[in-house]
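Now for the letters of each chain:
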Amino acid sequence: MKQSQLFMSTLREVPAEAEALSHQQLLRGGYIRQVAAGIYTYLPLGWRVLRKIENIIRQEMNASGAQELHMPAIQPAELWKESGRYDVYGPELIRLYDRHEREFVLGPTHEEVITSLVRQEVSSYRKLPVNLYQIQTKYRDERRPRFGLLRGREFIMKDAYSFDTDWEGLDHSYRNMYSTYERIFKRFGLRFKAVEADAGAIGGQGETHEFMALAEIGEDTIVSCSSCEYAANLEQAQMAVIDEADRRASAGTDEGISMEKIATPNVKSIQELVEFLQVSSHQLIKTLLYKVDDKLIAVLVRGDREVNEVKVKSYLQAEAVELADAGEVQRATGAPTGFAGPVGLPLQLLVDHEVASMLEGITGANEVDMHLMRVRPGIDFSLEQTGDFRNAAEGDRCPRCGESLLFHRGIELGHVFKLGTKYSDALSATYVDADGREKPFVMGCYGIGVSRVMAAIAEQSIEGERLVWPISVAPFQVHIIPVSVKDESQSALAERLYRDLTDMRLEVLLDDRDERAGVKFKDGDLLGAPIRIIVGRGAVSGEVEFMGSDGAKVSMSVADALERIREASLAN
Ligand code: 9G3
């Protein structure tokens, strides 16, 4: 294609509102334009990249045996009422009415629609298993859309749904999708990790994994073992637990320890307490009150740890978990926030393993400006409910092999779930088995954030000012830049190269604009073609400069350049 025709407007300056590097590059390079918060137009360059991402997904999904279909974005609200999710989601679920005042939702996902489809289309076990997928626009009215395509309100997702006769079949479908995702993310040229995740709101009945692109901008924290294959989302990540009994036994007896109250005037936070008492945060028992499905409970973790609310929610099988507000703390403990403690507190106590293994600790006295010293877990408060209620942290050891854990930021690009019969039960979606009995489908669901993938690849492909797309998703594979189109030999050679490469069925962009070289190279850096051919003074002797992904320029003959390009394009 000739660049003078390309609908591509580059921006000179970095847009102020773009914090993420990929957001800046996609705006500056003329890949996307914002229409409203979290809602974008994909310009021709962006759309070329998205179509390549989609086609890689399609090839691998089809190769896995899944079949592509396409469901509507507008879904009858009745289906969401039938599944019970209509009231679970609040303002994030976009609702609308048609001309007859009938209610619909803009699909944020398609479990209800696909389950109602298969319910009516499949009645015999003979037609199972089946895996159906689509690549569709999704709508989620995020409270805080940000980072460009990384968190939008309208975005493109590949969502797949598998239907099996039983859990064994689901295991097979799940493993098939897991390995398909590994192939897909490798073909994107992404650095990624598959991590154990929390089934969360979707409430599946089994394991779930997230595929995370490693990137500092990522909202998720992932934990991986420095030695074995263990990897998990921080929400879910476990750590080697010191054995409470050993710890207490090794610390000697608790004879002669008796609790004492001390005045801590206006000393509320852990840090203030550490300074006031001149103790380590390891000696403190942090007591936090949570409202769990409208019931107040207390969670105890060591002073230097963070409560993991997902673990609390999962342990209690609760719908909602949130920190109690100041008023609730005051009413429950008789003291303002900062003085809560487990002794004499008439609430269910969830005690983290580390606190349970302490011989004694310092904690709030449930009295304003007072704390308790030498409190003994198991004696001064109950250890009936001890478990893992904290975030893994630097220094923790792998729960599998005991080696040290590493922490990374990640962007969630894929998510595979074992749903079980959650939706088939809710929608009475059953098949008839070999013995003539009606059984609910056993389902799995598998998502990839397609538009988010484009931003994640950009995040990982930026070197300084330059974006260099992997050749598998680049908008153009080769970018030919004649330094001066006025120079006959340069433009003639550039034209010839353009023709030869196009005949080799490569996607080539020829910068035929009458612009200064500096402008062309700068725009070239924004375009991010993995191969750039510069046609300059060497043209008269049939020499060009080849620049690959590493940015190094090498002079060579046209023939050698064509050979280098052919090799690189096969790496697709
Ligand atoms: C909603 C809204 C937002 C949502 C959902 C429902 C996330 C919702 C989870 C999933 C699970 C899987 C199929 C493809 C893979 C992911 N945000 N989820 O169900 F109504 Cl407003 O989407 N769906």
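Here's what I pulled together on the structure shown here. (Residues numbered from 1 in each chain as written. Predicted model: local features only at pLDDT ≥ 70, side-chain atom pairs only at ≥ 80, totals over all residues. Heavy atoms only, no water.)

## A few points about the overall build of the protein
For step 1, the next point in the chain: If you tally the helices and strands in the protein, you get 15 helices and 31 strands.
For step 2, the next point in the chain: Structurally, the protein occupies a C-alpha span of about 95 × 65 × 50 Å along its principal axes.
For step 3, the next point in the chain: Counting only contacts in the protein whose residues sit at least 6 apart along the sequence, the fraction spanning at least 24 positions is 70%.
For step 4, the next point in the chain: When the accessible area of the protein is evaluated, it comes to approximately 25,400 Å², of which 48% is carbon and sulfur surface.
For step 5, the next point in the chain: Looking at charge distribution, the protein has the averaged site of its 67 positive side-chain charges lying 5 Å from that of its 88 negative ones. (Helix = DSSP H or I, 4+ residues; strand = E, 2+ residues; numbered from the N terminus. Contact = heavy atoms within 4.5 Å. Areas by Shrake-Rupley, 256 points an atom, 1.4 Å probe, with all protein chains shown as cover. Lys, Arg positive; Asp, Glu negative; His and termini not counted. Charge placed at Lys NZ, Arg CZ, Asp CG, Glu CD.)

## Regarding the site of the ligand
For step 1, the next point in the chain: Close contacts around the ligand come from 17 residues, with Arg 85, Pro 108, Thr 109, Glu 111 and Arg 140 the closest.
For step 2, the next point in the chain: In the environment of the ligand, a nitrogen atom lies 2.8 Å from a nitrogen or oxygen atom belonging to the side chain of Thr 109.
For step 3, the next point in the chain: In the environment of the ligand, an oxygen atom lies 2.9 Å from a nitrogen or oxygen atom belonging to the side chain of Arg 140.
For step 4, the next point in the chain: If you list the elements that add at least two residues to the shell around the ligand, you get strand S8 (154-164) and strand S24 (442-449). (Near = heavy atom within 4 Å. Polar contact = N/O pair within 3.5 Å; in protein donor to acceptor, adjacent residues only side chain to side chain.)

## As for the pairing of strand S2 (residues 39-42)
For step 1, the next point in the chain: Covered by surrounding structure in S2 are Tyr 40 and Tyr 42 only, the residues Ile 39 and Thr 41 on the alternate face being uncovered.
For step 2, the next point in the chain: The pairing of strand S1 (residues 32-36) with S2 spans four bridges and is antiparallel. By the bridge assignment for S2, Gln 34 is matched with Tyr 40.
For step 3, the next point in the chain: From the end of S1 to the start of S2, which pair antiparallel, there are two residues, and Gly 38 there has a positive phi angle of about 75 degrees. (Buried < 20%, exposed > 50% of the residue type's maximum accessible area, 1.4 Å probe, protein only. Pairing = 2+ DSSP bridges.)

## Comments concerning unusual backbone geometry
Leave glycine aside and you will find that most residues have negative phi; peptide bonds, for their part, are mostly trans.
For step 1, the next point in the chain: Looking along the chain, the bond that leaves Leu 128 and enters Pro 129 is cis, with omega of 5 degrees.
For step 2, the next point in the chain: Its place among the elements puts Pro 129 in the loop between helix H4 (111-121) and strand S7 (130-139).
For step 3, the next point in the chain: Phi at Asp 294 takes a positive value of approximately 70 degrees, unusual for a residue other than glycine.
For step 4, the next point in the chain: For Asp 294, the position within the fold is in the loop between strand S14 (285-292) and strand S15 (295-302).
For step 5, the next point in the chain: Its relative accessible area of 71% is what places Asp 294 among the exposed residues.
For step 6, the next point in the chain: Positive phi is not limited to glycine here, since Arg 505 has a value of about 60 degrees.
For step 7, the next point in the chain: With respect to the helices and strands, the residue Arg 505 is situated in the loop between helix H13 (488-503) and strand S28 (508-510).

## Observations concerning the nonpolar core
For step 1, the next point in the chain: Ile 32, Ile 53, Ile 57, Phe 185, Phe 188, Met 454 and Trp 469 are the most contacted members of the largest nonpolar core, which has 60 residues in total.
For step 2, the next point in the chain: Each of two domains, domain 1 (15-70 + 111-237 + 407-459) and domain 3 (476-571), supplies a minimum of three residues to this core.
For step 3, the next point in the chain: Discounting chain neighbours no more than four positions away, the residues touching Ile 53 are Phe 188, Val 450, Val 453, Met 454, Ile 457 and Val 473.
For step 4, the next point in the chain: Counting 25 residues, the second largest nonpolar core, distinct from the first, contains Val 105, Val 130, Ala 429 and Tyr 431. (Core = buried A, V, L, I, M, F, W, Y, C linked by side-chain atoms within 4.5 Å. Domains from an automatic or database assignment.)

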